[in-house]
Amino acid sequence: MSSRLLVFLIPIVVIAIFWAMAKSERKLAHDPSHKGFFETNGMVLGLTFILLVAFWSLFLVVLPYLYMVVESFHPKLPPMQRGGPDDHLTLEQYKSFFFEPMDGSLNTTHMGAFVFSIVTSVLVTAFNFAICYPLAYYMAQAGSLQKVRLIMLALIVPYWVNEILRAFSLRLLLTSKGLINQALMGLGLTTAPVDFLAIDVGLYVGLSYAYLLVMIFPLYNAIESLDKNQIEAARDLGAPWWKIHRDVVIPYAKPGIASGCTMVFMLAAGSLAAPQFLGGPSTLWFTSIVYDFFFQAFNWPRGAAYAFILLAACIAFVMLMLRLFKVSLGETIK
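What you see is a predicted model; the values in this text were computed from it and never measured. (Residues numbered from 1 in each chain as written. Predicted model: local features only at pLDDT ≥ 70, side-chain atom pairs only at ≥ 80, totals over all residues. Heavy atoms only, no water.)

A. Geometry of the overall build of the chain. When you go through the chain residue by residue, the secondary structure sums to 17 helices and zero strands. When the 334 residues of the chain are sorted by exposure, 37% land in the buried category. The long-range share in the chain, meaning contacts at least 24 apart out of those at least 6 apart in sequence, stands at 66%. Summed over its atoms, the accessible surface of the chain is roughly 20300 Å², and 71% of this surface lies on carbon and sulfur atoms. (Helix = DSSP H or I, 4+ residues; strand = E, 2+ residues; numbered from the N terminus. Buried < 20%, exposed > 50% of the residue type's maximum accessible area, 1.4 Å probe, protein only. Contact = heavy atoms within 4.5 Å. Areas by Shrake-Rupley, 256 points an atom, 1.4 Å probe, with all protein chains shown as cover.)

B. Here's a closer look at the packing of aromatic side chains. This model, assessed by the stated rule, comprises 17 aromatic pairs. With a centroid separation of 6.3 Å and 85° between ring planes, the pair formed by tyrosine 94 and phenylalanine 308 is classed as edge-to-face. Of this pair, tyrosine 94 sits in helix 4 (residues 92–98) while phenylalanine 308 sits in helix 16 (residues 300–325); the two residues are 214 residues apart in sequence, bridging distant segments of the chain. Its relative accessible area of 28% is what places phenylalanine 308 among the partly exposed residues. A connected cluster of aromatic rings, assembled from ring pairs, spans Phe97, Phe98, Phe114, Phe286, Phe293 and Tyr306. (Phe/Tyr/Trp six-rings, centres within 6.5 Å; stacked < 30°, edge-to-face > 60°.)

C. Seen up close, the layout of surface pockets. Considered as a void within the structure, the second largest pocket measures approximately 620 Å³ in volume. Looking at the second largest pocket, it is lined by 23 residues, and the ones nearest its centre are Tyr65, Met68, Val290, Ala307 and Leu310. Of all the secondary structure elements, the ones that give two or more residues to the lining of the second largest pocket are helix 3 (43–71), helix 13 (254–269), helix 15 (286–295) and helix 16. Looking at the lining of the second largest pocket residue by residue, the classes come out as 19 nonpolar, three polar and one charged. (1 Å grid on protein atoms, 1.4 Å probe; cavity = no way out; pocket = protein on both sides within 12 Å on 5 of 7 lines; lining within 4 Å. Points joined across faces, edges and corners; volume = space filled by probe spheres on them. Nonpolar A, V, L, I, M, F, W, Y, C, P; charged D, E, K, R; others polar.)

D. Expanded view of the nonpolar core. Formed by 65 residues in total, the largest nonpolar core has its most connected members in Phe114, Met139, Ile223, Val249 and Phe286. Sorting elements by how many residues they give to this core places helix 16 first, with 13 residues. (Core = buried A, V, L, I, M, F, W, Y, C linked by side-chain atoms within 4.5 Å.)

E. Local environment of unusual backbone geometry. Its identity is not glycine, yet aspartate 200 carries a phi of approximately 65°, on the positive side. Position of aspartate 200 relative to the elements: it lies in the loop between helix 8 (179–186) and helix 9 (201–210). One non-glycine residue, phenylalanine 298, lies in the positive phi region at around 55°. Summarising the element assignment, phenylalanine 298 is placed in the loop between helix 15 and helix 16.

What follows is the structure in structure tokens.
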């Protein structure tokens, strides 16, 4: 059986397993006060929801990822030679990440870009959390309803503009003749323009700004449900503000923190527009390498292998966050 054909058979097996699980759960005692999915939505609407979710999950998520994984274990071949005697499973595409295919030397360029992308994404995640946590706490616990609405509006309105346009706007602000450099020189803080793009300041600012809402909303949802009486009780007992956050607020908001951190990290690590528009001339982002393999070199197997390596790193980060905050995956998506 062809490995590529196996990609289309795996979802059928998964669906069959879930169907068997659903059939077995029907045999369990049913709570009369609890309405089932079809009882709540009706047969027609319920089937429509299931088909739409199944189409989205299978054809836009599961199948592309499965095909990418299978493709990463094949050599680069012309379309006419696929499925022939030269088309066999191999680890050469993954080996090329560590060693250059031409001379066998260490592939320091691609490994360095991978490490730089991962470390930068972690720093952007930490920076976003440092910015969003105080704001989310104020919106959820301290701010009045009118102020919270204004803050929400101020946060959401800039995201009505396309991400690429926002990246271009930041680039114009950070250029040598941009508004920020003109202000710094006008105030006498610098004597010459600072090349923010060359030192990757534009990259850090662009990535942080692009995914600000992804961090603040999970934090706000988690902190907003915290009973204010717990905070007042801690204050009455003489706890300083930093102990209140360390011992009361942060432990309660752990699911929101884990959710926001994982989403920001994964989006930053997989970002393409911001690194291309705001990165310096010597900055090499890992997703740009993957893009070039797919659409410039047309080396889909190697691009798929690199994409799967990045996916594995993102999954490892998610597992680390869940282990660090001691929360389950279900708690982070509530």
